[in-house]
There are 2 protein chains.
Amino acid sequence: MSSELYDEKKAADIVVSSRIRLARNFENYNFAHVDRKTSGEEIVEKVYLAIVKGNRKYEEEFNLIRIESISEVDRLRYVEKHLISIMLSNNTKTGAFVLNTEETISIMINEEDHVRIQCIVPDLQLDKALASAYIIDDLIEKDMTYEFHEKFGYLSSCPTNIGTGLRASVMLHLPVLSNVGYIGGIKRVAGQIGLAVRGIYGEGTEAKGNLFQISNQITLGISEEETLKNLKNTVVQIIQKESALRDKLLLEKKDEVEDNVFRALGILKNARIITTNEAMKLISSLKLGIALNLIQDISLEEVDLLISSIQVGYLHKHFKENLVEKERDIKRAEIIRGQVNRRRK
Amino acid sequence: MSSELYDEKKAADIVVSSRIRLARNFENYNFAHVDRKTSGEEIVEKVYLAIVKGNRKYEEEFNLIRIESISEVDRLRYVEKHLISIMLSNNTKTGAFVLNTEETISIMINEEDHVRIQCIVPDLQLDKALASAYIIDDLIEKDMTYEFHEKFGYLSSCPTNIGTGLRASVMLHLPVLSNVGYIGGIKRVAGQIGLAVRGIYGEGTEAKGNLFQISNQITLGISEEETLKNLKNTVVQIIQKESALRDKLLLEKKDEVEDNVFRALGILKNARIITTNEAMKLISSLKLGIALNLIQDISLEEVDLLISSIQVGYLHKHFKENLVEKERDIKRAEIIRGQVNRRRK
């Protein structure tokens, strides 16, 4: 596999985004401080100031958002956009996050760790995401002292994060691998080299819309560079496999693929009631159709935005809180029709 | 039910067509003559001449078609259009039919009976269809002598046709009655008063696309007028029931109906491979959507034409004989897309 030419265009059709997360904890605040109002709040203030103070640009770009100050709907919405974790969204006592206006960098404060710096970038750009995270990391370290052990590295409340504190992950759209039943095999192989394959909302969630997140599991005894290299190698292999299977599919079952893609488009354009699960399935077919050039007037970026807009939190935020399930399914169908039927130049 | 107002517009949305068939046999030719080349051919000639001779208009309008002279595909095509029976299409020895250019009148010769005069008209117009059949009946009787018994009426090779030789039937589109499981009950009630409820290709065929044919089963001891009156009464009741259920559905489950109708439209507009069964099911939803005014730019007449164009015979005739199943499913999807996506004024 690895000897095959790596096709940038095809890779871009398969990779949705790359994400870096650095877990950090401070000296002089034990791990339980995230639960104590006074010291927890002290961490929030200090971290925020470390990032923005004396930097006009950052002061404008980064906002401090306290969990307790936002509505439940907004919390859910940030979770859906992968900007905060469910755990942070539940910490209404001391939980907070610093978010840039672009929504590519989120510094979670008082989550499982004192600080979790997270950067999301489109495509396979782990190095770029890590570089962004390091900038924030350095800003914080300039003012505060991280709990760091000469031998082990960064210390953490959860042993799985000790060492680099780095979690790197890549989100991939793998409809064909998934359809032919290869994901199980990939999970096993990935597991053997310390990588995990999960659905898009992290641990314990099923893969919706054939979107998978591949991430490193080991942070101890391995450098950041090695971590990224290992992950990238595996991701590239998975991309090549998915890509080869897509080519094979187009060659051998063009009619069936077209049928599947256009039926999905037809239903998305016309349905009046649709669940998240069904929508995600159909959108997966749509993404495949765009990648295979069967559909040309909708872009993958538009579809990825659409995925975000059909989640429960979005619907509650943009329509009305506490919509019952059927109302949500109707609104979801409305949003999808609006997006997919939109006239494009 | 019968006290409810009969809504012509709603009835027209439910009734597809009315059909009359008169079975007639001739003196001096016993029933087996349909199988004997010489006398069978004599009947063909005489019937055709009886209809057209001395009548310029009819000579232009009516064509004699011998089963042996047309291809298998053409035979199937006439069967699909309900213009001849499967039995006639199989009589390659003496089978023939006289068909008008409008394809509303077909006189089958040497079917189970020497002659079967058939008239199809749109909507619920049994009297009109019977009047047309009588014109042909009189023309034939002017030249030839029917086997007629003072007490029993017209004689026939099959005892079920003895008497009036009349089979009157109405084709109805009953998606809602069918969906709520009422067809079984209707069949039983209809059976008790001598009516049969069948799928669109007559005896022994399942109802495709929720299209049902209601017809009289009794021809002995009942006049033509009574036969039509009985049938009409029952049909009107069924129409009222279907119509009432449609109103109820729109009132109580508008979203679900719209969802079903527009999904069907979306699939019909986009599918690349489709079986007859699935297409008939979706077209049934489309017809309901048009009747309920949810879809306005396609007419029921167009949809009924579409039903005819997705049958196997049509596909073989217009593309290539002996298409394999998958090729047919692809061509069928192509025809449907062409029709349903056609820009209308």
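Residues numbered from 1 in each chain as written. Chains lettered and ligands numbered in written order. Predicted model: local features only at pLDDT ≥ 70, side-chain atom pairs only at ≥ 80, totals over all residues. Heavy atoms only, no water.

Further remarks concern the side chain of Asn100(B). Here Asn100(B) shows up in strand E3 (residues 96–100). Non-local contacts of Asn100(B), meaning those with residues more than four positions away in its chain, are made with Glu61(B), Phe62(B) and Ile105(B). (Helix = DSSP H or I, 4+ residues; strand = E, 2+ residues; numbered from the N terminus. Contact = heavy atoms within 4.5 Å.)

Below, the discussion takes up the relation of the copies chain B and chain A. Each of the two chain copies can be brought onto the other by rotation about an axis and movement along it. Once chain B has been moved 0.0 Å along the axis and rotated by 180°, it coincides with chain A to within an RMSD of 0.1 Å. Put plainly, the chains are arranged around a two-fold axis. Within chain B, Gly266(B) has its C-alpha nearest the rotation axis, a separation of 2.1 Å. Taken as a fraction of all interface residues of chain B, those also at the interface in chain A reach 100%, which identifies the copy contact as same-surface. (Least-squares fit on C-alpha atoms with pLDDT ≥ 70 in both.)

Attention now moves to the packing of helix H2 (residues 37–52) of chain A against helix H6 (residues 126–143) of chain A. Residue and element names in this part refer to chain A. At a closest axis distance of 8 Å, the pairing of H2 and H6 adopts a crossing angle of 115°. Note that H2 runs across H6; the crossing there is right-handed. Listed contacts from H6 to Val47, Ala50 and Ile51 of H2 are Ile136, Leu139, Ile140, Lys142 and Asp143. Along the lines of polarity and charge, the residues of the contact of H2 with H6 split into 6 nonpolar, no polar and 2 charged. (Axes fitted to C-alpha atoms, helices over the stretch in contact; angles between N-to-C directions. Left-handed = near helix turned anticlockwise from the far one by under 90°. Nonpolar A, V, L, I, M, F, W, Y, C, P; charged D, E, K, R; others polar.)

Ranked by internal contacts, the top residues of the largest apolar core, which has 180 residues, are Ile51(A), Ile107(A), Ile140(A), Ile51(B), Ile107(B) and Ile140(B). Ignoring any residue separated from it by four or fewer positions in sequence, one finds Ile51(A) in contact with Tyr58(A), Phe62(A), Val98(A), Ile107(A), Ile136(A), Leu139(A) and Ile140(A). (Core = buried A, V, L, I, M, F, W, Y, C linked by side-chain atoms within 4.5 Å. Buried < 20%, exposed > 50% of the residue type's maximum accessible area, 1.4 Å probe, protein only.)

This part covers helix H6 (residues 126–143) of chain B. Look at H6(B): 26 Å from first C-alpha to last across 18 residues, which is about the 26 Å you get at 1.5 Å a residue. Among the residues of H6(B), those classed as buried are Leu126(B), Ala129(B), Leu130(B), Ala133(B), Ile136(B), Asp137(B), Leu139(B) and Ile140(B). (Expected span 1.5 Å × (residues − 1).)

Moving on, we get to the pairing of strand E5 (residues 115–122) of chain B. Residues and elements named next belong to chain B. The element E5 is extensively covered by neighbouring structure, given that 7 of its 8 residues are classed as buried. Relative to E5, strand E1 (residues 15–24) is paired through 8 bridges, and the arrangement is antiparallel. Bridge pairing in E5 places Arg21 opposite Gln118. Bridge count between strand E4 (residues 105–109) and E5: 5 bridges; the pairing is antiparallel. (Pairing = 2+ DSSP bridges.)

Here we come to the pairing of E4(B). Residues and elements named next belong to chain B. In terms of residue burial, E4 counts as a mostly covered element, since 5 of its 5 residues are buried. Taking every second residue as pointing to the same face, both faces of E4 are buried, with Ile105, Ile107 and Ile109 on one and Ser106 and Met108 on the other. With 4 bridges connecting them, E3 and E4 associate as antiparallel partners. Looking at E4, one finds that Val98 is bridged to Ile107. Taking the residues between adjacent antiparallel strands as the criterion, E3 and E4 are bridged by 4 residues, where Glu103 takes a positive phi near 60°. Counted between consecutive antiparallel strands, the loop separating E4 from E5 contains 5 residues, among which Asn110 sits at a positive phi close to 65°.

Bringing the interface of chain B and chain A into the picture now. At the junction of the two partners, chain B supplies 17 residues and chain A supplies 17 residues. Together, the buried faces of chain B and chain A total about 1,600 Å²; carbon and sulfur atoms form 51% of this surface. In terms of surface lost to chain A, no three residues of chain B exceed Arg263(B), Asn270(B) and Arg272(B), which account for 35% of the buried area on that side. Between the two partners, chain B and chain A, sit 6 salt bridges. Applying the counting rule to chain B against chain A returns 10 residue pairs in polar contact (both at pLDDT 80 or more). Secondary-structure elements contributing two or more residues to the side of chain B that touches chain A are helix H10 (254–270) and helix H14 (325–340) of chain B. Ranked by the residues each element gives to the side of chain B that touches chain A, the list is headed by H10(B), at 10 residues. A breakdown of the residues in the side of chain B that touches chain A according to their chemical character gives 7 nonpolar, 2 polar and 8 charged. (Buried area = accessible area lost by both parts, 1.4 Å probe. Salt bridge = Lys/Arg side-chain N within 4 Å of Asp/Glu carboxyl O. Polar contact = N/O pair within 3.5 Å; in protein donor to acceptor, adjacent residues only side chain to side chain.)

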